[in-house]
There are 2 protein chains.
Amino acid sequence: MKWKELEEEPCSMARTIGVIGDRWTLLILRECFLRTRRFEGFQSALGITRHLLAERLKKLVRQGILRRVPYQESPKRHEYILTQKGLDLYPIMMAIVHWGDTHMVDVRGRPLLHQHRNCGKDFDPVMVCSECGEPVLAKEVHTHPGPGASRPLAQKEAPAPKPKARRKAA
Amino acid sequence: MKWKELEEEPCSMARTIGVIGDRWTLLILRECFLRTRRFEGFQSALGITRHLLAERLKKLVRQGILRRVPYQESPKRHEYILTQKGLDLYPIMMAIVHWGDTHMVDVRGRPLLHQHRNCGKDFDPVMVCSECGEPVLAKEVHTHPGPGASRPLAQKEAPAPKPKARRKAA
DNA sequence: GTTTGACAGTTCAAAAAAAGAACTGTAAAT
DNA sequence: ATTTACAGTTCTTTTTTTGAACTGTCAAAC
């Protein structure tokens, strides 16, 4: 499977992964949310090679996640700013950070805290159901094909312990 | 920057990316949540090379995201099951799917719908504040160093338009 | 008025990772 | 005796990524 194919699969997850699903892209986006805007800023904050950085920024611009905005003429210089589409990635970023806060911190605790200006408190992101407002657990979700499903792609697996004379069971 | 270093950075996002931040790992996890459990299942659903699949599964087991559970003796066979740590990735997966549903669908609509058993309705995931319960927007969040912050890593950038006789502005 | 530095890249060889295909091995089914 | 299911491993080729240097414009410092 090549990257182009990913973006054409009938799966919102595959398509999204095709766009932002690599290590450098995710780190670049982290920097964007921390207000980094310029080439040198990304480069020195991340230690990414300039070559790859240029490539990834181009891709993010092509995808409409960043906008390349000039901030001075001659030498032309641009800043990379999150578009609305890019800002919409925020829940993904927060979910990633939150998992790390839960499962990857050392004894010292979390490196970064997030304060919600609305209520003034440090918070964690919680995923709730848009319909009933309750927190959503994986077990409580049933997944089924929508209008854009061509190949099923879901549930294709798990032929269910076909009990047709199996081998010596464990 | 190599992958090992990523996992040691004082940043929950970098650490998480070090574990799940590559394309195949994310797709493997998608399959896990769709109830795929076996080597061949992953391989045929994803078209990943067997070599990489073996490697990624090993890594996920090492990280405690999957558990390798025997389901038959001689030929020893195992299933890969999400641990609680793995199940906790669900909000990340849902956030990714939701972004794709919002920004990457074609005319036909979403490939997959998610039904919340609690309320019976098809839903979207919404990220809310653990403290006040309101939806969280990127703009409303202030980020500040926590106990585990050694190097700042945040806000290191943006020296703020230092107005010290700038070049010919655009 | 020459040098230095900031900035935003591009170029190219070398190293690392991934793809592709075939091979190993156990055991049941045909 | 052969085929099939399953879970890998091995090996070669291709693609990506790294690392380091180079290009080019301009401002400021010397």
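Residue indices begin from 1 for each chain and proceed along its sequence in written order. Labels are handed out in written order, letters beginning with A for the chains and numbers beginning with 1 for the ligands. Reporting of local features is limited, given that this is a predicted model, to residues whose pLDDT is at least 70; pairs of side-chain atoms are given and counted only at 80 or more, and all residues count toward the totals for whole chains, interfaces and linings. With hydrogens and water excluded, all non-hydrogen atoms of the structure serve as input to the side-chain values.

Caption draft 1: Representation of unusual backbone geometry within the structure. Look at the link from Ser74 of chain B to Pro75 of chain B: it is a cis peptide, with omega at -20 degrees. Mapped onto the elements of the fold, Pro75 of chain B is located in the loop between strand 1 (66-72) and strand 2 (77-82). Despite not being glycine, Ser74 of chain A shows a phi value in the positive range, around 35 degrees. Summary of the burial criterion: residues with accessible area below 20% of their type's maximum are buried, those above 50% are exposed, and those between are partly exposed, where the area comes from a 1.4 Å probe applied to protein chains only. When its relative accessible area of 39% is taken as the criterion, Ser74 of chain A is described as partly exposed. Backbone geometry at Arg35 of chain B places phi at a positive 80 degrees, although glycine is not the residue there. The class for Arg35 of chain B is partly exposed, based on a relative accessible area of 43%. Going along the chain from the N terminus, every DSSP run of H or I of four or more residues is numbered as a helix, and every run of E of two or more is numbered as a strand.

Caption draft 2: Spatial organisation of the nonpolar core. Grouping buried Ala, Val, Leu, Ile, Met, Phe, Trp, Tyr and Cys residues that are joined through side-chain atoms within 4.5 Å yields what is termed a nonpolar core. In this structure, Ile28, Ile65 and Leu89 of chain A together with Ile28, Ile65 and Leu89 of chain B are the most contacted members of the largest nonpolar core, which totals 81 residues. Note on contacts: a residue pair is in contact if any heavy atoms of the two residues lie within 4.5 Å. In this view, Leu89 of chain A contacts Ile20, Leu29, Phe33 and Ile65 of chain A together with Trp99 of chain B; residues no more than four positions away in its chain are not counted.

Caption draft 3: Seen up close, the pattern of salt bridges. For this analysis, a salt bridge means a side-chain nitrogen from Lys or Arg found within 4 Å of a carboxyl oxygen belonging to Asp or Glu. On inspection of all chains with the given rule, the structure shows 17 salt bridges over all chains. Between Arg15 of chain B and Asp106 of chain A there is a salt bridge; the shortest N-O distance is 3.5 Å. Residue Arg15 of chain B is located in helix 2 (residues 12-20), and its partner Asp106 of chain A is located in the loop between helix 7 (90-103) and strand 3 (112-116); the two belong to separate chains. Among the residues examined, Arg15 of chain B registers a relative accessible area of 5% and is labelled buried. Classification of Asp106 of chain A by relative accessible area gives partly exposed; the value is 32%. A salt bridge links Arg30 of chain B to Glu31 of chain B; the shortest N-O distance between them is 3.0 Å.

Caption draft 4: Representation of the environment of Ser130 of chain B in the model. Considering the arrangement of structural elements, one finds Ser130 of chain B in the loop between strand 4 (125-129) and strand 5 (141-145). Of the residues examined, Ser130 of chain B reaches a relative accessible area of 33% and is grouped as partly exposed. Not counting residues within four places of it along the chain, the set of residues in contact with Ser130 of chain B comprises Phe123, Asp124 and Val126 of chain A. In protein, a polar contact means a hydrogen-donor-capable atom and an acceptor-capable atom, both N or O and within 3.5 Å, with residues adjacent in sequence counting only if both atoms are side-chain atoms; elsewhere, any N or O pair within 3.5 Å suffices. Only 2.8 Å separates the side chain of Ser130 of chain B from the backbone nitrogen of Asp124 of chain A, close enough to count as a polar contact. Of note is the side chain of Ser130 of chain B, whose polar atom sits 3.0 Å from the side chain of Glu131 of chain B.

Caption draft 5: Focus on the relation of the copies chain A and chain B. Superposition of the copies was done by least squares, using only C-alpha atoms of residues whose pLDDT is at least 70 in both. Relative to chain B, chain A is turned by 180 degrees and slid 0.0 Å along the rotation axis, the superposed coordinates differing by an RMSD of 0.0 Å. What we have between these two chains is a two-fold relation. When you check the interface residues of chain A against chain B, 100% turn up at the interface there too, and the contact is symmetric in its surfaces.

Caption draft 6: Representation of the pairing of strand 4 of chain B within the structure. The buried count for strand 4 of chain B comes to four of five residues, which makes it a mostly enclosed element. Each pair of strands is called paired provided DSSP finds at least two bridges between the two strands. Bridging between strand 4 (residues 125-129) of chain A and strand 4 of chain B involves five bridges; their strand directions are antiparallel. Bridge pairing links Val126 of chain A to Val128 of chain B in strand 4 of chain B.

Caption draft 7: Here's a closer look at the environment of Glu40 of chain A. All names here are of chain A. Its place among the elements puts Glu40 in helix 4 (residues 39-46). Residue Glu40 is classed as partly exposed on the basis of its relative accessible area of 46%. Distance from Glu40 to Leu53, taken between C-alpha atoms, is 9.8 Å for residues 13 residues apart in sequence.

Caption draft 8: The interface of chain A and chain B, seen in detail. At the interface, 108 residues of chain A touch 109 residues of chain B. With both sides pooled, the region where chain A packs onto chain B buries about 10100 Å², and carbon together with sulfur makes up 63% of that total. Ranking the residues of chain A by area buried against chain B places Met13, Arg23 and Trp99 of chain A at the top, with a combined share of 9%. In this structure, the connection of chain A to chain B is made through two salt bridges. Accessible area that two parts lose when put together, evaluated with a 1.4 Å probe and summed over both, is termed the buried area.

Caption draft 9: Quick look at the packing of aromatic side chains. Residue and element names in this part refer to chain A. Stacked, edge-to-face and tilted labels apply to pairs of Phe, Tyr and Trp rings (six-membered ring for Trp) whose centres lie within 6.5 Å, assigned for plane angles under 30 degrees, over 60, and everything in between, in that order. Enumeration according to the criterion identifies two aromatic pairs over all chains in this entry. Centroid distance Phe33 to Tyr90: 5.3 Å. Interplanar angle 45 degrees. Geometry classified as tilted. Of this pair, Phe33 sits in helix 3 (residues 23-33) while Tyr90 is found in helix 7, placing the two residues 57 residues apart along the sequence. With a relative accessible area of 13%, Phe33 lands in the buried category. Sitting over a ring, as applied to charges here, requires NZ of Lys or CZ of Arg to be within 6 Å of the ring centre and within 35 degrees of the ring normal. One Lys or Arg, Arg38, reaches over the ring of Tyr71 and ends 3.7 Å from the middle of that ring.

Caption draft 10: Broad picture of helix 4 of chain A. Of the residues making up helix 4 of chain A, those classed as buried are Gly41, Phe42, Gln43, Ala45 and Leu46 of chain A. Contacts made by the buried residues of helix 4 of chain A are with helix 3, helix 5 (50-62) and strand 2 (77-82) of chain A.

Caption draft 11: Representation of the side chain of Thr143 of chain B within the structure. Among the secondary structure elements, Thr143 of chain B is positioned in strand 5. Only 3.2 Å separates the side chain of Thr143 of chain B from the side chain of His114 of chain A, close enough to count as a polar contact.

Scope: geometric values only; no functional claims are made or implied.
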